[in-house]
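Coordinate analysis (summary)
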Amino acid sequence: SLWALGLLLVESQLTQRALLYLTRYLPSGSSWHNLSLFLMGGMMTPAIPSVVNRAKVGGPIVSEAMNILRVQPHTSLSTKISASVFFGVTTLSSIFFTGSSMNFIVFGLLSLQDQQTIQTIGWITCSFTVGVILMMFYIIASSIFFST
């Protein structure tokens, strides 16, 4: 069903319209495009709890982004686009309560009082600092490894 969702996103041209919108309003430069693709992958995190399934949906987004940005396959820019979406769907898993099944295991290890205190909004509040650090790490690592 997730393959069908990815196909639906591409066939309905929703991803194409979103990517065209981003290329129109973002400053030109691959860094802005890659940051927006990272955030697109991150926005899927609360809705799709499995990292593998988010990656399956992110695959068509990568293909569409390479077509719209006219990026040739097997180049450093295509690797950077692929890595941006991949890190977007994986890195922010710990921030959202439903972002990973491991979060439910950690939640189950908490005491009953802590479980009642930390619900979805409490989880986001507690993990905000981690999220900021992960985003900063992504931006720094991406600029180091994919400098063009």
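Residues numbered from 1 in each chain as written. Predicted model: local features only at pLDDT ≥ 70, side-chain atom pairs only at ≥ 80, totals over all residues. Heavy atoms only, no water.

As a further point, take the environment of lysine 80. You can see lysine 80 is positioned in helix H5 (residues 76-91). A sequence separation of 65 residues divides lysine 80 from phenylalanine 145, and the C-alpha atoms of the two residues are 9.0 Å apart. (Helix = DSSP H or I, 4+ residues; strand = E, 2+ residues; numbered from the N terminus.)

Relative to the assigned elements, methionine 43 resides in helix H3 (residues 30-43). Classification of methionine 43 by relative accessible area gives exposed; the value is 62%. Spatially, the C-alpha atom of methionine 43 lies 8.2 Å from that of glycine 88, the residues being 45 residues apart in sequence. (Buried < 20%, exposed > 50% of the residue type's maximum accessible area, 1.4 Å probe, protein only.)

Glancing now at the packing of aromatic side chains. In this structure the tally under the stated criterion is 3 aromatic pairs. Aromatic pair phenylalanine 38 and tyrosine 138: ring centres 4.0 Å apart, planes at 10°, arrangement stacked. One end of the pair, phenylalanine 38, is in helix H3; the other, tyrosine 138, is in helix H8 (residues 120-145), and 100 residues separate them in sequence. Just as phenylalanine 38 is buried, tyrosine 138 falls in that class too. (Phe/Tyr/Trp six-rings, centres within 6.5 Å; stacked < 30°, edge-to-face > 60°.)

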